[in-house]
Amino acid sequence: MTKLASGSLTTRSVQIGVGRDNQTGGISFPIYPSATYRHPGVGQSTGYDYTRSSNPTRDLLEEAFAELEGGARGLAFASGMAALTTLFLHFSSGDHLVVSEDLYGGTYRVLDQVFGKFGLSVSYVDTTDNAAVQAAVTPQTKALLVETPGNPLLGVADLRALSELSQEQGLMLIVDNTFLTPVLQRPLELGADVVIHSATKYMGGHSDLCAGALVTKNAELGERLYFLQNTTGAILPPQDCWLLIRSLKTLPLRMERHCASALQVALWLQQQPQVAAIYYPGLHEHPGYELSRQQAQGFGGMLSFRVNSPQLAEQVLEKLQLISFAESLGGVESLITLPAVQTHGDIPEAERQRLGICNSLLRLSVGLEEPADLIADLEQALG
Ligand SMILES: *Cc1c(COP(=O)(O)O)cnc(C)c1O
């Protein structure tokens, strides 16, 4: 990325890679598919030896990740799960993690069914409750992993308070920033040590690639995670790095519109008699509204709502035409899911009931279509 000392995030995003290709002046930075590189002489390197270790297209993307999040080091992975897995490899058998209970089902699955076998233990807590987090910390606890806003219930955790708590207890604070992106929330500036992203979602933004990111606050942890990335190899291929660079250029513009449209849809849903509850941090009634205003620059494009019965939830999914019934989120196209069955299907039934992830709960990723068209589609589906 051209290092602009100042300039808004919008400008810096648009300018990613501009001026970087010195050989041709290309505005779009090229894709380097080469797996390996010729050495100029014995003991010499161009800086590139082998593509798992580093690649010019990936370097640009990784620098952009770091710059957007305000971190020292960015790393690009083949998926959000690959990023999380690489991060969890940093820990050792016997270590304990405190993790948000309102979180992405895949994170729960990899901790429970993969890392559990290697002796990593986890306590799931309500991370919107600082006292509950404090109470879950043991002498073995090494890190706190927070997803905020939560998934699918959009609870808001206090990142400044949790960062203070982590510092006092010597914990690494990890924040999954997939839902808000650095455009709306910059956890490293609020005291987190590492940010993780499923770049498949808003960063990619077009439902056409799978990618993940880690960004560290300091270079030392960045180097350690780079060692794990290079050693275990779940890197993002150069073609996808290029596509993601292109996507990041419009991230600030897209997020602005996602926020505006989501609020409009949330306000409309709130008025509907068929809607029993609505979860969107941008509504004054949401318990995380004030906190969101203090720590984020917007409320995002994700909302969940509970309809009056599981039958009605099914009807909505069947009748929607514009809004696609599909997993994932964060694309320009609106998507709706039934978390209890899809994204959170791996969480045990009793646990889902306790959390309130019932069969009447729908999660909507508000895309960039005209909000009036989305509302019309919801209206006919609820009717
Ligand atoms: C999708 C998602 C992940 C996993 O990312 P993939 O790119 O699907 O591997 C992790 N965290 C959150 C919040 C997600 O939405």
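Source: prediction; values computed, not measured.

Could you give an account of the side chain of R186, naming the residues involved and the relevant values?
Secondary-structure assignment places R186 in the loop between α7 (181–184) and β6 (194–198). Residues within four places of R186 in sequence aside, it is in contact with L9, E67, L68, E69 and G70.

Describe unusual backbone geometry, and please don't skip the residues or the numbers.
For the peptide bond that leads from T148 to P149, omega is 0 degrees, which places it in the cis range. Note that P149 resides in the loop between β4 (141–147) and α6 (159–169). Even without glycine at this site, T181 takes up a positive phi of about 65 degrees. As for its position among the elements, T181 is in helix α7.

Give a detailed account of the pattern of salt bridges, specifying residues and quantitative values.
Pairs can form between side chains of opposite charge once their charged atoms are near each other. Enumeration over the complete set of coordinates arrives at 11 salt bridges. For R20, the salt bridge identified is with E63, shortest N-O distance 2.7 Å. Here R20, found in the loop between α1 (9–14) and α2 (56–69), pairs with E63, found in helix α2; they are 43 residues apart in sequence, far enough to count as distant. Taking relative accessible area as the criterion, R20 reaches 23% and is therefore assigned partly exposed. With its nearest N and O atoms 3.0 Å apart, the salt bridge here joins R354 to E351. Highlighted residues: R354 and E351, both in helix α13 (residues 349–355), separated by three residues, approximately one helical turn. Exposure remark for R354: the relative accessible area of 51% places this residue in the exposed category. Salt bridges here are not isolated pairs; linked through shared partners, they connect E101, E351 and R354.

Break down the packing of aromatic side chains for me, citing the residues and quoting the values.
Centre distance and the angle of the planes are the two values used to describe a pair of aromatic rings. Tallying each qualifying case throughout the model produces six aromatic pairs. A centroid spacing of 5.5 Å and a plane angle of 20 degrees characterise the contact between Y289 and F299, whose relative ring orientation is stacked. Pair noted here: Y289 is in helix α11 (residues 289–295) and F299 is in the loop between α11 and β9 (302–307), with a separation of 10 residues, a long-range link. Overall, the relative accessible area of 10% leaves Y289 in the buried class. These aromatic residues form a ring-pair network of at least three members: Y280, Y289 and F299. In this structure, R20 packs its charged tip against the face of F29, placed 5.7 Å from the ring centre. When the ring centre of Y104 is taken as origin, the NZ or CZ atom of K201, which lies over that ring, is 5.0 Å away.

Talk me through the site of the ligand; I want residue IDs and the actual numbers.
In the region of the ligand, the neighbouring residues are S79, G80, M81, Y104, E147, D176, T178, S198, T200, K201, A211 and L329. One of the side-chain N or O atoms of S198 is found 2.8 Å from an oxygen atom in the ligand. Within the side chain of T200, an N or O atom sits 2.7 Å from an oxygen atom of the ligand. Burial of the ligand by the surrounding chains reaches 93%, relative to a free accessible area of 380 Å².

Parameters and conventions
- Residues numbered from 1 in each chain as written.
- Predicted model: local features only at pLDDT ≥ 70, side-chain atom pairs only at ≥ 80, totals over all residues.
- Heavy atoms only, no water.
- Helix = DSSP H or I, 4+ residues; strand = E, 2+ residues; numbered from the N terminus.
- Contact = heavy atoms within 4.5 Å.
- Salt bridge = Lys/Arg side-chain N within 4 Å of Asp/Glu carboxyl O.
- Buried < 20%, exposed > 50% of the residue type's maximum accessible area, 1.4 Å probe, protein only.
- Phe/Tyr/Trp six-rings, centres within 6.5 Å; stacked < 30°, edge-to-face > 60°.
- Lys NZ or Arg CZ within 6 Å of the ring centre and 35° of its normal.
- Near = heavy atom within 4 Å.
- Polar contact = N/O pair within 3.5 Å; in protein donor to acceptor, adjacent residues only side chain to side chain.
- Areas by Shrake-Rupley, 256 points an atom, 1.4 Å probe, with all protein chains shown as cover.

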